[in-house]
Amino acid sequence: MMTANEIRESYKRFFEEHGHLIVPSAPMVIKDDPTLMFTNAGMNQFKDIILGHTEPKCRRMTDSQKCLRVSGKHNDLEEVGHDTYHHTMFEMLGNWSFGDYFKKEAIAFAWEYLTEVVKIDKDKLYVTVFGGDESDQQGPDMEAYDFWKAHIDESRIIYGNKKDNFWEMGETGPCGPCSEIHIDLRDAQRRAQISGRELVNKDDPEVIEIWNLVFIQYNRLANGSLVELPEKHVDTGMGFERLCRALQGKTSNYDTDVFQPLIQELAKMSGIAYGKDKKCDIAMRVIADHCRAVSFAISDGQLPSNNGAGYVIRRVLRRAIRYGFTFLHFEAPFVYKLLPILVEQMQHNFPEIKTQQELVGKVIYEEETAFLRTLAQGIRRFEAYIEQNQGVHTIDGGFAFELFDTYGFPIDLTREIAGAAGHSVDMDAFDAAMEAQRERARATANRDAWGKANNVWVALSDGLPATEFDGYDHDELTGCEVVAIVRDGESVREAKTGDQVEIVLDRTPFYGEMGGQVGDTGIVGPARVTNTLHHEGGLVGHVAEVTDGAVSVGDRVTAVVD
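For the structure given in this document, a descriptive report is provided here.

**Quick notes on the pairing of strand β5 (residues 89-98)**
A regular strand places its side chains so that they alternate between the two faces of the sheet.
Now for step 1: The buried fraction of β5 is high, at 10 of 10 residues.
Now for step 2: A two-sided burial pattern is seen for β5, the buried positions comprising M89, E91, L93, N95 and S97 on one face and F90, M92, G94, W96 and F98 on the other.
Now for step 3: Two elements, β5 and strand β11 (residues 226-239), share five bridges in a ladder whose sense is antiparallel. If you follow S97 over to β11, its bridge partner there is V234.

**Section: helix α15 (residues 411-420)**
Now for step 1: In terms of burial, α15 is a largely internal element, seven of the 10 residues being buried.
Now for step 2: Every buried residue of α15 is accounted for by I411, D412, L413, T414, E416, I417 and A418.
Now for step 3: G422 sits one or two positions beyond α15 and adopts a positive phi of about 85°.

**Side note on the environment of G173**
Now for step 1: Among the secondary structure elements, G173 is positioned in strand β9 (residues 173-184).
Now for step 2: A relative accessible area of 12% places G173 in the buried class.
Now for step 3: Sequence separation between G173 and S299 is 126 residues, and the spatial gap between their C-alpha atoms is 32 Å.
Now for step 4: Not counting the four nearest positions on each side in its chain, G173 is found in contact with Y218, N219 and R220.

**Focus: a negative patch on the surface**
Now for step 1: Judged by side-chain charge, D396, D426, D428 and D431 come together as a negatively charged surface patch.
Now for step 2: Among the structural elements, D431 can be located in helix α16 (residues 427-445).
Now for step 3: D431 gets classed as partly exposed once you look at its relative accessible area, which sits at 42%.

**Structural notes on the pattern of salt bridges**
Now for step 1: Counted by the stated rule, this structure contains 29 salt bridges.
Now for step 2: One salt bridge in this structure joins E352 and K66, with 2.5 Å as the shortest N-O distance. Remark: K66 occurs in strand β2 (residues 60-68) and E352 occurs in helix α12 (residues 352-355); sequence separation between them is 286 residues.
Now for step 3: For E352, a relative accessible area of 22% corresponds to the partly exposed category.
Now for step 4: A salt bridge links R556 to E481, with the nearest nitrogen and oxygen atoms 3.7 Å apart.

**Remarks on the pairing of strand β6 (residues 125-130)**
Now for step 1: Most of β6 sits inside the fold, with six of its six residues counted as buried.
Now for step 2: Alignment of β6 against β9, held across three bridges, turns out to be antiparallel. Residue L125 lies in a different strand from β9, and its bridge partner there is I183.
Now for step 3: The sheet contact formed by β6 and strand β7 (residues 157-160) spans four bridges and is parallel. Counterpart to T128 in the pairing with β7 is I158.
Now for step 4: Crossover β6 to β7 through helix α4 (residues 142-149) is right-handed.

**A look at the side chain of R322**
Now for step 1: Inspection of the secondary structure assignment puts R322 in helix α10 (residues 308-327).
Now for step 2: Taking relative accessible area as the criterion, R322 reaches 5% and is therefore assigned buried.

**Description of the state of the cysteines**
Now for step 1: For the structure on display, the rule yields zero disulfides.
Now for step 2: Between C175, a cysteine without a disulfide, and C178, which holds the nearest cysteine sulfur, the sulfur-to-sulfur distance is 11 Å.
Now for step 3: The buried category is assigned to C175, whose relative accessible area is 0%.

**Topic: the packing of aromatic side chains**
Now for step 1: The full count for this structure, using the stated rule, is 27 aromatic pairs.
Now for step 2: For the ring pair F469 and Y511, a centre distance of 5.7 Å and an interplane angle of 80° mean the geometry is edge-to-face. One end of the pair, F469, is in strand β14 (residues 468-469); the other, Y511, is in the loop between β19 (507-508) and β20 (522-524), with 42 residues separating them in the sequence.
Now for step 3: Through a chain of ring-to-ring contacts, three or more aromatic side chains come together here, namely Y11, F14, F15, Y101, F109, Y113 and W211.
Now for step 4: Of note, R285 hangs over the ring of Y254, and the distance from its end group to the ring centre comes to 5.8 Å.
Now for step 5: Seen from the ring of Y323, R322 lies directly overhead, with NZ or CZ sitting 4.7 Å from the centre.

**Observations concerning the nonpolar core**
Now for step 1: By size, the foremost hydrophobic cluster in this structure holds 116 residues, and its most contacted members are Y113, L114, W148, W211, L243 and L375.
Now for step 2: Those residues in contact with W211, other than ones at most four positions away along the chain, are Y11, F15, N95, A110, Y113, L114, S179, E180, I181, T236, G237 and M238.
Now for step 3: Among the nonpolar cores identified, the runner-up in size contains 19 residues, and C480, V501, F510 and A559 belong to it.

**Here we look at the packing of helix α13 (residues 357-388) against α15**
Now for step 1: Packing of α13 against α15 leaves a shortest axis separation of 12 Å and a crossing angle of 45°. Judged by the inter-axis angle, α13 sits oblique to α15. The handedness of the crossing between α13 and α15 is right-handed. On α15, the residues that touch F371, L375, I379 and F382 of α13 are L413, T414, I417 and A418.
Now for step 2: Within the contact of α13 with α15, the residues separate by chemical class into seven nonpolar, one polar and no charged.

**A short note on the packing of helix α1 (residues 4-17) against helix α3 (residues 103-117)**
Now for step 1: Packing of α1 against α3 leaves a shortest axis separation of 11 Å and a crossing angle of 135°. Accordingly, the angle class assigned to the pair α1 and α3 is oblique. Of the two elements, α1 crosses α3, and the hand of that crossing is right-handed. Within the contact between the two elements, α1 uses I7, S10, Y11, F14 and F15 and α3 uses F109, E112, Y113 and V117.
Now for step 2: Of the residues assigned to the contact of α1 with α3, the class counts are seven nonpolar, one polar and one charged.

What counts and what doesn't
- In this convention, every chain numbers its residues from 1, walking through the sequence in written order.
- Given that the model is predicted, a residue must reach a pLDDT of at least 70 before its local features are reported, and side-chain atom pairs must reach 80 or more before they are shown or counted; all residues, however, enter totals for whole chains, interfaces and linings.
- The side-chain numbers reported here are obtained from all heavy atoms of the structure, hydrogens and water having been left aside.
- Relative accessibility decides the category of a residue: with a 1.4 Å probe and only protein chains considered, values under 20% of the type maximum give buried, values over 50% give exposed, and everything between is partly exposed.
- Numbering of helices and strands runs from the N terminus, with a helix taken as a DSSP run of H or I at least four residues long and a strand as a DSSP run of E at least two residues long.
- Following DSSP output, two strands are said to pair if at least two bridges run between them.
- We call two residues in contact when some of their heavy atoms are within 4.5 Å.
- Patch membership requires over 30% relative accessible area and the absence of a salt bridge. Like charges are linked within 9 Å, and nonpolar side chains (Val, Leu, Ile, Met, Phe, Trp, Tyr) within 5 Å.
- For the accessible areas, the method is Shrake-Rupley and the probe is 1.4 Å, while residue cover comes only from the protein chains on display.
- Salt bridge, as used here: a side-chain nitrogen of Lys or Arg that lies within 4 Å of a carboxyl oxygen of Asp or Glu.
- Note on charges: Lys and Arg go in the positive column, Asp and Glu in the negative column, and His and the chain ends are not counted at all.
- One atom stands in for each charge, and that atom is NZ of Lys, CZ of Arg, CG of Asp or CD of Glu.
- Handedness is read with the strands pointing away from the viewer; a crossover is right-handed when the path from the first strand over the helix to the second is clockwise.
- Note on disulfides: each one is a pair of cysteine sulfur atoms within 2.5 Å.
- Two aromatic rings, drawn from Phe, Tyr or Trp (for Trp, its six-membered ring), form a pair once their centres lie within 6.5 Å of each other, and the interplanar angle then sorts them: stacked below 30 degrees, edge-to-face above 60, tilted otherwise.
- A ring has a charge above it when a Lys NZ or an Arg CZ is no more than 6 Å from the ring centre and no more than 35 degrees off the ring normal.
- Think of a nonpolar core as a cluster: buried Ala, Val, Leu, Ile, Met, Phe, Trp, Tyr and Cys residues, connected wherever their side-chain atoms sit within 4.5 Å.
- The axes are straight lines fitted to the C-alpha atoms, using for helices just the contacting stretch, and the angles between their N-to-C directions are given from 0 to 180°.
- Every angle not falling under 35 degrees, over 145, or within 65 to 115 is termed oblique; those three ranges are roughly parallel, roughly antiparallel and roughly perpendicular.
- Each crossing gets its hand from how the near helix is turned against the far one by less than a right angle, where anticlockwise is left-handed and clockwise is right-handed.
- Side-chain classes follow a simple rule in which Ala, Val, Leu, Ile, Met, Phe, Trp, Tyr, Cys and Pro form the nonpolar group, Asp, Glu, Lys and Arg form the charged group, and the remainder, Gly included, forms the polar group.

Okay, structure coming up:
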């Protein structure tokens, strides 16, 4: 049986032998494309080539691309761990032709690799071709159909609709028909009872798409019409995890050696055997998947934060932490302990995970430490509420706000936990309570507390060393210690969601306001920094609102300048 690493390597070597240049995966985090937060398909790094803006360095390329689908229309988050084949982070094996070969060769390559190189049983394979669309005045893709006839019986060729078998980059731009390859992984008895043909694209967990061959031959104009492209391209994507499942004879992607090393380590750490309890199994699958997603995102430069892509990563990590806390009884940080196993698995193909291992581990550990404290308080309060309100299936919005305001419990997490228990949350009441809280916060911020504030900064400067400034060399620092918090002119030990405070760190990348320059803004742990001020004795105060959780003196946090 081929290992996952051997399967990946066999794919790249096959296409290299057929004239393709092996290129590295692009980063999973996208910094220069406002239309995307994360790489969600293998073609993202080749978009400018397909659009005709850039010349390819080679007309044939192949790679294994790290992808993440947790936002936008490609959002598989809620299915992850609950079924056998959805993931947040996954690999897309791809081969591309930029104005070189087209349908005939792409189809032949795919068939040869699947049936001759990795030797998948031909009787388990089905293919789809575009069946046409009247609105576009497009007939069936008979060209692809005829090429497939040379390899597979016509009874296994299925016409698909525009949704499944016509790919478009956007409302305008390059597009074209596509041809999917599906594999029937059911046992012989079930295959004899009903043809796999009847289950293609019907969401059967054992009759699944593994490869999509996209034939980019048109340009969609603003008026909706299609015109032929002067150069035609091939863009293919095969789900690596699904291919491993098929070749390793498993009924779930999570049973392959892509995920099992992580899952078995979780079983060892928790003392709960995998395969014995459904809820615990789901938890282990969720954690294994999310550990991969978060680790690669951080290694590619995206730190968890309270907005944008950083918030997505924080939410994914917190989902993993919650499943571990609730079902595997982890009350101390645990996700970071999986990192050495992931690095050992993936460093050959993605060396950046090894290079950034120390940073990734520190960031995950700090996030876990902070959130586990919040989680324990919030979940216990939620469980008590459910116990006291049996028979009520809508969670009071005021209570949900209490969790958020008092315990720092994110509302999306409350909604997710409520949904898992068959409840909903009264969001109108929650939003009303949130707005009332904002009004109170604004009123508090406007109070005349400057006299008190001056006194507290004099007192703090007597007991604390000056804040160390590292902003010339770094715009983000991990492991900064919170040495003081000032709220309403008083020194306090802790601040919670909604509090307007100044946070003092032992070291900071933030430049403080002085000499006419406005201070830096950004993120300090769970707080959004709106300005940075110099105070007595060289102390730097980060003027901030705690937006998601709590922060205490002694915490270690990550500070990131906008």
